[in-house]
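So you can see what is in the structure, the chains are spelled out below.
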Amino acid sequence: MAPRTMVAGNWKMNLGPAEAADFAQELTLPPSTRSEVVLFPPALSLAALREELSDESEVALGVQNVHWEASGAYTGELSVPMAAEAGATFVLVGHSERRHIFGEGDDDASRKVEAVLRGGLTPVLCVGETLEERKRGEVAGVILRQLEAVLESGEVRERIASEARLLLAYEPVWAIGTGETATPEDAAGAHRILRERLVSYLGDTVGEGVPILYGGSVKPDNAGDLLSAPDVNGVLVGGASLDPSSFARIVAQGG
Ligand code: PEP
């Protein structure tokens, strides 16, 4: 069965609690939307956003990063149980800014996905190649390495098989925050590669059911084409998710 279209907004380090509350008050989603909508505010803005969002909006919330331990001496970190208590149901793992600015590797992503699944939340694993890797013809090699690092864990495979909670986001690094967008054909090609590997690790039913989102300079004027591409099950939106009306226009194109 085709997964429900998901439109996710990653605010990165933008919109503090007061601005998050304003965003929620201004957000008007199309009444007939069938898309699943998720917002990833900074963790400090989660409570304000949750309080101001109307119940009818059915917007789910997530955090942009977690530590793999549940508690302890990890200054500056936050854990899965804390995120859950604050109202998050999704967690971004391995976003390119975590990988390339903060030096997170495949091992970190693997431990985080395990912790997120163990804690009952849904991980959104981000994968994507840099421009240099793309020019060297390494797209498939890079994104499959990033995916396999997580799927090699037996615990991850078992939990996904029994609870069906995992999303992937293909986010070419060269398209994030640059205004450059992958063509729908590029996105579809990468998604097909990921889909085949999901199926080979998880079997047909589970592997086909994992939603794969595209991310990288998605805007209201390109979202429709990207969302219509084969195997693109949703979008992960950065910059354009900061404005309630442009975010709502993207959501409207998810059906
Ligand atoms: C992102 O942060 O995941 C992202 C895709 O950002 P942008 O849409 O701004 O490129």
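Residues numbered from 1 in each chain as written. Predicted model: local features only at pLDDT ≥ 70, side-chain atom pairs only at ≥ 80, totals over all residues. Heavy atoms only, no water.

1. Observations concerning the nonpolar core
Here is step 1: In terms of nonpolar packing, the biggest core is built from 65 residues, with L49, L125, L198 and Y214 touching the most fellow members.
Here is step 2: The element contributing the most residues to this core is helix α9 (residues 184-202), with six residues.
Here is step 3: Excluding anything up to four places from it in sequence, Y214 contacts Y170, P172, A175, T181, A182, A187, H191, L226, V232, G234, V235 and L236.
Here is step 4: One finds M6, V38, A60 and V124 within the second-largest nonpolar core, a separate group that totals 13 residues. (Core = buried A, V, L, I, M, F, W, Y, C linked by side-chain atoms within 4.5 Å. Buried < 20%, exposed > 50% of the residue type's maximum accessible area, 1.4 Å probe, protein only. Helix = DSSP H or I, 4+ residues; strand = E, 2+ residues; numbered from the N terminus. Contact = heavy atoms within 4.5 Å.)

2. Examining the packing of helix α7 (residues 139-151) against α9
Here is step 1: Across the interface, α7 lies against α9 with an axial gap of 10 Å and an inter-helix angle of 30 degrees. Classified by the angle between their axes, α7 and α9 sit roughly parallel to one another. Handedness of the α7/α9 crossing: right-handed. Each of A140, I143, L144, L147, E148 and L151 in α7 lies in contact with α9, whose residues at this interface are A190, I193, L194, R197, L198, Y201 and L202.
Here is step 2: Considering only residue class, the contact of α7 with α9 consists of 11 nonpolar, no polar and two charged. (Axes fitted to C-alpha atoms, helices over the stretch in contact; angles between N-to-C directions. Parallel < 35°, antiparallel > 145°, perpendicular 65-115°, else oblique. Left-handed = near helix turned anticlockwise from the far one by under 90°. Nonpolar A, V, L, I, M, F, W, Y, C, P; charged D, E, K, R; others polar.)

3. A look at the site of the ligand
Here is step 1: Lining the immediate surroundings of the ligand are 15 residues, of which K12, E171, G177, S217 and G238 lie closest.
Here is step 2: In this structure, an oxygen atom belonging to the ligand sits 2.8 Å away from a side-chain N or O atom of K12.
Here is step 3: Within the backbone of G238, a nitrogen or oxygen atom sits 2.8 Å from an oxygen atom of the ligand.
Here is step 4: Within the complex, 97% of the 290 Å² of free accessible area of the ligand lies under protein.
Here is step 5: Residue composition of the shell around the ligand, grouped by class: five nonpolar, eight polar and two charged. (Near = heavy atom within 4 Å. Polar contact = N/O pair within 3.5 Å; in protein donor to acceptor, adjacent residues only side chain to side chain. Areas by Shrake-Rupley, 256 points an atom, 1.4 Å probe, with all protein chains shown as cover.)

4. A word on the pattern of salt bridges
Here is step 1: Following the criterion strictly, the structure yields 16 salt bridges and no others.
Here is step 2: Note that E129 is salt-bridged to R134, the shortest N-O span being 2.7 Å.
Here is step 3: Among the charged side chains, a network of salt bridges with common partners joins E114, R118, E155, R159, E163 and R165. (Salt bridge = Lys/Arg side-chain N within 4 Å of Asp/Glu carboxyl O.)

5. Describing the sheet that holds strand β6 (residues 167-170)
Here is step 1: As summarised here, the arrangement of the eight strands in space is β1-β2-β3-β4-β5-β6-β7-β8, forming a closed barrel in which the pairing is parallel. Looking at each pair of strands side by side, their axes are set apart by 25 degrees on average, direction ignored.
Here is step 2: Here strand β2 (residues 36-40) runs beside strand β3 (residues 59-63); their pairing, made up of three bridges, is parallel. Pairing of L39 across the sheet is with L61, part of β3. (Pairing = 2+ DSSP bridges.)

6. Structural notes on the packing of helix α11 (residues 220-228) against helix α12 (residues 244-252)
Here is step 1: Axis separation between α11 and α12 bottoms out at 9 Å; the angle between their running directions is 20 degrees. The orientation of α11 with respect to α12, classified from their angle, is roughly parallel. Here α11 and α12 pass one another in a crossing that is right-handed. Residue-level inspection shows P220, A223 and L227 of α11 in contact with α12, the latter providing S246, R249 and I250.
Here is step 2: A breakdown of the residues in the contact of α11 with α12 according to their chemical character gives four nonpolar, one polar and one charged.

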